[in-house]
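# Topology and contacts: notes
If you want the building blocks of each chain, they are given just below.
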Amino acid sequence: MVFIIPAHAQETLQITGTVKDELSMTLPGVSVKNLHSKKISITNLDGKFTIPATRGDSLLVTYVGFRPFTTVVKDVITITITLQAAENSLNEVAIVGYGQQKKVSLVGAQSTVNLEDIKQPVANLSAALAGRISGLVGVQRSGLPGQNGADLWIRGIATFNQSGNSASPLIVVDGVQGRDINALDPEDISSFTILKDASATAVYGVAGANGVILINTKKGTSNSKTVLMFNYNQGITSFTKTPELTDGVEYMMLRNEARLASGQGKEYSNNYINSTIKNEDPNLYPNVNWMDALFKSTAQNRRANFSARGGSENTTFYVSGAYYDEESLLKTDALQSYDATTRFKRYNFTSNVSMNWTSTTKFELGVQGYITNTNYPGVDPNAAFADVMQTNPVLYPVMYPGNLVPGVSSAGAQPNPYAEITQTGYQNIFSNQVLSNARLTQDLKFWVPGLTFSALYSFDVYNTHTIARTRQRSWYQINRANPYNDDGSINLNVIQQGSDQLGFSQGSDGNRQFYTEASLNYDKSFGQKNHVTALALFNQREQLFNAATDLTSSLPYRSQGLAGRVTYSYDNKYFAEGNFGYNGSENFAPAKKFGFFPSFGVGWVLSNEKFYEPLKDVIDFAKIRYSDGIVGDGGNGGRRFGYLTLVSTGASGYTFGNGTENKGYGGTAITSYGTDVQWARSHKRDLGLEIQAFRSLFSLTVDVFNERRSGVFLQRASLPALVGLSSNPYGNLGIITNKGIDATIVLNPTKIGDFTLDVRGTFTYNRDKVIENDQAPQPYPYMERRGTNYLATFGYVATGLFQSQAEIDAAPSQSALGTVRVGDIRYKDLNGDGKIDANDVTRIGNGDVPTTTYGMGFNLQYKHFYIGVFFQGVAGADRLLSGDGIIPFNNSTGAERSNLFAVAEDRWTPENPNPNAFYPRLAYGNSANKNNAVTSSWWVKNIDFIRLKTADFGYNLPKGTLKSVGLKNARVYLQGLNLLYWSPFKLWDPELNTTNGTAYPNTRTLTAGVQANF
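Read on for a plain summary of the structure. Just so we're clear, the structure is a prediction, and the values are computed from it rather than from any experiment.

## Points about the sheet that holds strand 14 (residues 176-177)
Taken together, five strands build an open sheet; the order of strands is 10-15-16-13-14 and the sheet is mixed. Strand pairing shows two members of the sheet lacking a second neighbour, strand 10 (110-112) and strand 14, which therefore form its edges. As paired strands, strand 10 and strand 15 (residues 189-195) are joined by three bridges and run antiparallel to one another. Among the inter-strand pairings, Ser 111 is bridged to a residue of strand 15, identified as Ile 194.

Here it is as structure tokens:
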């Protein structure tokens, strides 16, 4: 309750109040000092104080382990003060599943990130996280605006994710599950936590097996003036790397070489090549660098954010608006009357309001969302980029005079990549999302001290609408026999008739989610040493998708469950915790709908023991913790309602008759067999060590983990075809293990003369192993996929290049793979039977998800200047090269449809029989390349890298600058993102999700910005 009295100048007031911590626990022994009168009051056992003051006096509230708090006396005479724990103190509060706890009491494995580190000039928050949080593996697969988010995994992949089982973590925003991490503006985030082990995630039951990311958005502050914040930055973007392709002359010479080596004649005469060299006629003798034709050298992005934050004793608020705009580096045609620019724009808004309706009743309302507008050419940029690898540099010019589109095929083959992004119209995608949550919290201390009730309701909705105004223009080909008319104009033949008129099509999609939660929380101290908390919670979630195409997909996705937690601590030394989740889903049989997932954890703070006191001068805090438990996995392997057998009445049947008069009868057939499926279960164990040294200047957290996931939903692979099933049934068949270590090392801000330095590093290593995948037994142990990591690549083991015919004759026969010639790849005969065939296939690669992720960075401040640098790296990842263009003249649609990488110059030739060349001898056509094109270790390339992820340089304006306009503080800064990288892989940016370089490249960004607080 708040009391307000009439204003009388210099009247002495008796200010009464209560001091609490962030968990709403009252704090005894807190010092409350009137800075004007110098009088001091100390809070009693209930956290209450009384102190005389006049209006305008400042009260300073201090307590060991908490940040000082200052408030100005106005008309309110009864106040409540919440102190925030000092960083690295025992009172620091951590966010946990369905609540928060003191950091010292945590027994689960979880990590957080410095929020300033993720405020980067990127559209998607996920792209700023890799290497910054121990336990989080992130890889950015594309740089295309609107599609440049990163894939995220917590402690790697521990399921059969390529079989329809998600490996992505659960995202929880403001207590609501299933929200999009990339929908948030980084400025709106107040905390970012990942939960990694069973003790931390068991309360989420079937949704917690892949780990959980908890995000809370900013709230208001009580008893404070409104603080206005404005931040704006604008930058220039460019590619980190684009694939380097051969020019036209080199292409023709290599194509001739490949044809001659394959027993075919030259494709290009010396005169043709010389005419190209001399650039005699670009229409007849084109020489196009398609990368230069498609891309500009730079583009722009910009980001702005404005927020207001404050509140009174009973009401607090935080509101913000944000804008992000990013252009692509794809070129446009200024001659067109429509906008085919590839561009992504997003407008975010956030509003969080909290009200104390009574002294025991609190209501919170949060509404946030975004509007996005994405513009693309009529053809998807990734498709146009892929067509570059089928369009050689001498096929045709970029455009013919008169802005006419070149082509070579009436069937639409080898489309012009430049025309695809500039001449095919445009697509515009408008999307919007609104996230809402309302929470009511009732303190029940009048009934049971320490007991509170909370209820949460959330409604989220997402909609998207696409308008496509596309066209296919006519294609032209120059008449080589008579290339120019008498008047000098170019003589073109129409090879595919099209239209210059824009067509129209549209589509809509969307989804909505309802989430309900109710909980009882108990938090009570008994004496000075015993502390108990408990949680009992019910939740229910329902999702519906607008674009359902059949009855099954139109049905709501529903889950319902209970969660519970009990914690106990004694004297801040010994900690114990038990958790459980009991969840159900509509996806499983009635008897198997619900699953029970328990966990426990224990912790011991050694540094609070008497025997430890001699060590405290060096290592002032040491804690050991262990957790063990079961978490659920609700993955369905892509088969919904797997317990139901699916029957089709449209099966083919029999036809009766004499050949002239026939009668057909259809049939009924089982298309998929139902089985008694249930939840997958993940058994997680974690052992952690936390230490702080040198008066908390240095900290280290290390976790060793082990997980075994069983009952993963898979389609049977061991049933032979003679069983006669049209579709193999699904079942809880898969077993996979995952083990590793993750760590965080921190040097907190340290004064070195006029300099202040802080350093942070993270490390994550994991290794998964397939125990059971229901595949048929293999004839040789080395062919077995059990015992290898799930994403392992299997193929032939390359042992080098054949250097002579005599070597070919003496080697095991490779005739099963194709005709072998000198300079071809040689393979290892694993079973010693004298021939290379399918029985010589084994594990040759790890896959493109790294086993190791690490990051290291520092911040250095000198007076008003600061600089920050962060490096991110991965190890243990490799990529199998395959697809059009990567093996010369071996395209899926014909050898002539193959572009060439510049690295093709590094090849085996009789004149330079380099056994370590990038390419074996050149050949023309799929048949001639057959031996070299099989999946083998020759094409598995190391894609480890270390990247200068961010660099920041800034200047903080001195306090008092522009004070007359209300400026509290401000800074100007420069930021760089994805500036440099080092990798043994040289063809394209190693993070890209492509086997032949045909993904839109990642971008680097250089920005300048200003931030001001009023």
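## Observations regarding a nonpolar patch on the surface
Nonpolar side chains collect at one region of the surface, where Tyr 574, Trp 604, Phe 611, Ile 624, Leu 687, Leu 689, Val 704, Ile 741, Phe 763 and Tyr 765 lie side by side and expose about 850 Å² of accessible area between them. Put simply, the parts of the chain that give the nonpolar patch at least two residues each are strand 35 (680-693) and strand 38 (755-772). Note on placement: Ile 624 falls in strand 32 (residues 619-633).

## Side note on helix 5 (residues 381-388)
Listing the buried residues of helix 5 in full gives Pro 381, Ala 384, Phe 385, Asp 387 and Val 388. When helix 5 is viewed along its axis, its buried side chains cluster within an angular range of 155 degrees and face the same direction. Measuring from the side-chain oxygen of the N-cap residue of helix 5 to the backbone nitrogen of Asn 382 gives 2.8 Å; that N-cap residue is Asp 380.

## A look at helix 2 (residues 248-261)
The first and last C-alpha atoms of helix 2 sit 20 Å apart over 14 residues, in line with the 20 Å expected at 1.5 Å per residue. Across the 14 residues that make up helix 2, a large majority, 10, are buried. Next to the buried residues of helix 2 lie helix 3 (270-277). Trailing helix 2 by a residue or two, Gly 263 shows a phi angle of about 80 degrees, which is positive.

## Side note on the sheet that holds strand 6 (residues 69-72)
Strand order in this open sheet of four strands is 3-2-5-6, and the pairing throughout is antiparallel. The two strands at the open ends of the sheet, each matched to only one other strand, are strand 3 (40-42) and strand 6. Direction aside, the axes of adjacent strands within the sheet are offset by 20 degrees on average. Relative to strand 5 (residues 58-62), strand 2 (residues 31-34) runs antiparallel, the two being bridged by four bridges. By the bridge assignment, Asn 34 is partnered in strand 5 with Leu 59.

## A look at empty space enclosed by the protein
Tallying each qualifying case throughout the model produces 10 cavities of 30 Å³ or more. In this model, the largest cavity occupies a volume close to 120 Å³. Here the lining of the largest cavity is built from residues that sort into five nonpolar, five polar and two charged. As a volume, the second largest cavity reaches approximately 100 Å³. Along the walls of the second largest cavity sit 14 residues, with Val 122, Gln 140, Asn 148, Leu 977 and Thr 1003 positioned nearest its centre. At the level of elements, strand 19 (315-327), strand 48 (969-982) and strand 49 (1003-1013) are the ones that each hand at least two residues to the lining of the second largest cavity. Class assignment for the residues of the lining of the second largest cavity results in six nonpolar, seven polar and one charged.

## Examining the packing of aromatic side chains
The final tally for this structure, using the stated rule, is 33 aromatic pairs. A ring pair is formed by Tyr 796 and Tyr 827, whose centres lie 5.6 Å apart and whose planes are at 45 degrees; its orientation type is tilted. Residue Tyr 796 is found in the loop between strand 39 (793-795) and strand 40 (798-801), and its partner Tyr 827 is found in strand 41 (residues 825-827); the two are separated by 31 residues along the sequence. Judged by relative accessible area, which is 2%, Tyr 827 ranks as buried. Sitting over the ring of Phe 575, Lys 623 keeps its end group 5.7 Å from the ring centre. The ring of Tyr 973 is capped by Arg 971, whose NZ or CZ atom sits 4.3 Å from the centre of that ring.

## A few points about the pairing of strand 18 (residues 299-311)
Of all the 13 residues making up strand 18, 10 are buried; the element is thus mostly covered by neighbouring parts of the structure. As paired elements, strand 17 (residues 224-239) and strand 18 share 12 bridges and run antiparallel to each other. Across the sheet, residue Asn 231 finds its bridge partner in strand 18, namely Asn 305. As paired elements, strand 18 and strand 19 share 11 bridges and run antiparallel to each other. Bridge pairing links Gly 311 to Thr 316 in strand 19. Taking the residues between adjacent antiparallel strands as the criterion, strand 18 and strand 19 are bridged by three residues.

## A short note on the environment of Lys 616
By the secondary structure assignment, Lys 616 is in the loop between strand 31 (594-605) and strand 32. With a relative accessible area of 33%, Lys 616 lands in the partly exposed category. For the pair Lys 616 and Glu 905, spaced 289 residues apart in sequence, the C-alpha separation works out to 63 Å. Excluding residues within four positions of it along the chain, Lys 616 makes contact with Ser 607 and Asn 608.

## Observations regarding the nonpolar core
If you look at the biggest cluster of nonpolar residues, it comprises 75 residues, and the most contacted ones within it are Trp 290, Leu 294, Phe 295, Tyr 827, Leu 881, Ile 886 and Trp 988. Broken down by element, the residue count for this core peaks at five residues, all from helix 2. Those residues in contact with Ile 886 that lie beyond four places of it in its chain are Leu 881, Phe 901, Tyr 919, Leu 987, Trp 988, Thr 995 and Asn 996.

## Side note on the pattern of salt bridges
A full pass over the atoms with the stated rule returns 40 salt bridges. With its nearest N and O atoms 3.4 Å apart, the salt bridge here joins Arg 141 to Asp 151. Highlighted residues: Arg 141 in the loop between strand 11 (136-140) and strand 12 (150-154) and Asp 151 in strand 12, separated in sequence by 10 residues. A relative accessible area of 9% places Arg 141 in the buried class. Look at Asp 151 and you get partly exposed, because its relative accessible area is 33%. For Asp 742, the salt bridge is made with Lys 196, and the minimal N-O distance between the two is 3.3 Å. Residue Asp 742 is located in strand 37 (residues 730-752), and its partner Lys 196 is located in the loop between strand 15 and helix 1 (198-201); the two are separated by 546 residues in the primary sequence. Comparing Asp 742 with Lys 196, the two get one shared label, buried.

About the cut-offs
- Residues numbered from 1 in each chain as written.
- Predicted model: local features only at pLDDT ≥ 70, side-chain atom pairs only at ≥ 80, totals over all residues.
- Heavy atoms only, no water.
- Pairing = 2+ DSSP bridges.
- Helix = DSSP H or I, 4+ residues; strand = E, 2+ residues; numbered from the N terminus.
- Patch = residues over 30% accessible without salt bridge, like charges linked within 9 Å, V, L, I, M, F, W, Y side chains within 5 Å.
- Areas by Shrake-Rupley, 256 points an atom, 1.4 Å probe, with all protein chains shown as cover.
- Salt bridge = Lys/Arg side-chain N within 4 Å of Asp/Glu carboxyl O.
- Buried < 20%, exposed > 50% of the residue type's maximum accessible area, 1.4 Å probe, protein only.
- Arc of directions from axis to C-beta.
- Polar contact = N/O pair within 3.5 Å; in protein donor to acceptor, adjacent residues only side chain to side chain.
- Expected span 1.5 Å × (residues − 1).
- Contact = heavy atoms within 4.5 Å.
- Axes fitted to C-alpha atoms, helices over the stretch in contact; angles between N-to-C directions.
- 1 Å grid on protein atoms, 1.4 Å probe; cavity = no way out; pocket = protein on both sides within 12 Å on 5 of 7 lines; lining within 4 Å.
- Points joined across faces, edges and corners; volume = space filled by probe spheres on them.
- Nonpolar A, V, L, I, M, F, W, Y, C, P; charged D, E, K, R; others polar.
- Phe/Tyr/Trp six-rings, centres within 6.5 Å; stacked < 30°, edge-to-face > 60°.
- Lys NZ or Arg CZ within 6 Å of the ring centre and 35° of its normal.
- Core = buried A, V, L, I, M, F, W, Y, C linked by side-chain atoms within 4.5 Å.

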